[in-house]
Every structure is written in C-alpha cells, then in structure tokens.
Amino acid sequence: MTNAIAPRVNFAAAAPKAFKALIGFDAAAREGLDPALVELIQIRSSQLNGCAYCLHMHVSDARKAGEDDLRLHMVAVWHEAKHHFSAKEQAALALTEAVTLVAADGVQDEVYAQAASQFDETELAHVLAVIFTINTWNRLALSTGKVAGTDERR
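Residues numbered from 1 in each chain as written. Predicted model: local features only at pLDDT ≥ 70, side-chain atom pairs only at ≥ 80, totals over all residues. Heavy atoms only, no water.

## Some thoughts on the overall build of the protein
Looking only at helices and strands, the protein features nine helices and zero strands. Over its C-alpha trace the protein gives a radius of gyration of 16 Å, about what one expects of a compact globule, namely 15 Å for 154 residues. With respect to the principal axes defined by its C-alpha atoms, the protein has extents near 45 × 35 × 30 Å. At a minimum sequence separation of 6, the contacts of the protein that also span at least 24 residues come to 69%. Surface summary for the protein: the accessible area is close to 8,500 Å², and the carbon and sulfur share equals 59%. (Helix = DSSP H or I, 4+ residues; strand = E, 2+ residues; numbered from the N terminus. Rg over C-alpha atoms; globule rule 2.2 N^0.38 Å. Contact = heavy atoms within 4.5 Å. Areas by Shrake-Rupley, 256 points an atom, 1.4 Å probe, with all protein chains shown as cover.)

## As for the packing of aromatic side chains
For the coordinates displayed, the defined rule picks out two aromatic pairs. Between F19 and W137, the ring centres sit 5.6 Å apart and the planes meet at 80°, which makes this aromatic pair edge-to-face. Here the residue F19 occupies a position in helix α2 (residues 16-30), and W137 occupies one in helix α9 (residues 121-143), the gap between them amounting to 118 residues. The partly exposed category is assigned to F19, whose relative accessible area is 22%. For W137, a relative accessible area of 18% puts it in the buried group. Clustering of aromatic rings is evident, with ring pairs tying together F11, F19 and W137. (Phe/Tyr/Trp six-rings, centres within 6.5 Å; stacked < 30°, edge-to-face > 60°. Buried < 20%, exposed > 50% of the residue type's maximum accessible area, 1.4 Å probe, protein only.)

## Let's talk about the pattern of salt bridges
Here the structure, examined in full by the defined rule, presents six salt bridges. Between E89 and R71 there is a salt bridge; the shortest N-O distance is 2.8 Å. Of this pair, E89 sits in helix α6 (residues 87-100) while R71 sits in helix α5 (residues 69-74); the two residues are 18 residues apart in sequence, bridging distant segments of the chain. R71 matches E89 in its accessibility class, with the two residues each being buried. Residue E123 pairs with K88 through a salt bridge whose shortest N-O separation is 3.6 Å. A residue pair is termed long-range when its members are at least 10 positions apart, and E123 in helix α9 and K88 in helix α6 qualify at 35 residues. Each of E67, R71 and E89 takes part in salt bridges that share partners, so that together they form one network. (Salt bridge = Lys/Arg side-chain N within 4 Å of Asp/Glu carboxyl O.)

## Comments concerning the nonpolar core
A general trend in soluble globular proteins is that nonpolar side chains are found buried together. Ranked by internal contacts, the top residues of the largest apolar core, which has 29 residues, are I41, L95, F119 and V127. Those elements giving two or more residues to this core turn out to be α3 (35-49), α4 (52-64), α6, α8 (109-118) and α9. Ranked by residue count, the leading element in this core is α6, at seven residues. In contact with I41, not counting residues within four places along its chain, are A92, T96, V127, V130, I131 and I134. By size, the runner-up hydrophobic cluster in this structure holds nine residues, among which are C51, I134, W137 and A141. (Core = buried A, V, L, I, M, F, W, Y, C linked by side-chain atoms within 4.5 Å.)

## Re the environment of T96
Here T96 shows up in helix α6. Accessibility expressed as a relative area gives 0% for T96, which makes it buried. In the structure, T96 is positioned 50 residues away from K146 in sequence and 22 Å away in space, judged by C-alpha atoms. Beyond its immediate stretch of four places on either side in the chain, T96 contacts I41, R44, S45 and I131. A distance of 2.7 Å separates the side chain of T96 from the backbone oxygen of A92, its partner in a polar contact. (Polar contact = N/O pair within 3.5 Å; in protein donor to acceptor, adjacent residues only side chain to side chain.)

The structure is reproduced here in structure tokens:
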C-alpha cells in the first residue's frame, strides 16, 4: 500500500513572478552572513516545521560546505549541546525558534536582546530575513507536497 499524495500545484511554474521574488529575497537575506550559520538556521526551522524536503536539502548543503556531522546531529537538541555551538550560533538558533514558533509565545525580549548582542544591526536584519525565507520555503514545500531527497535546484 502506498501513501503517495496526489500531484499538487507546481508553484514555480504557476506563479513564476512570486517564485522568482522569493528566490531574490532568499539571496538578499544571505548577504554578509556566514554560510554555515545560514544552514544552521535553515536546518532548525525545517526541523520545527517538520519539512523533510527542506531539512534534507539543507543538511546536504551544510555537509557539502564542510559542516561537521556531529554538529548537524546536535542542531535539534542545541539547548542541551550548547558546547557544540558558538554564542552567535546559539543566539541565531534561539531567534530562529522564537520567530518560527511566533504564535506560541511571540519573540521574547530576552531572545531578541541576546541576538542583538551577537549581531550588528545589519547582520541581525539579515538573520531575521533568513528565518523569514526558510519559513516561507518550508510552507511552500509542505503545502505543495515536495518529497525529501528530490532537490529540484539541480
């Protein structure tokens, strides 16, 4: 018995201007940030959103960029494995959780202040933008039925 879902809209083909705008926003969001940090943010958000498609993609990207497998395994439990992450990475991961789960508790002042202490204003704006874009990509992948391991970028 198969659990295949019925084909869903090809968002890139059906709404090419919106898709290209999202790609542009994503590229602009990353500017000036450490690519490893960007991947950690994208991995954590994808874990929280349950997006296997994006999680597979960003773990693969992080590995290709030289990220350590142990750290990748620790992202989901970074609160208990802080020694694997710098203060800057911890602040970004905490902010990622707060923004991704914003409906639960909002973005707590302490979380925002910690991030603001680790990033200058421009970097913080870009970290937020990366969080916004990955949440959008997660929602796009989940709602259109993307399958993990079928990275369409290549």
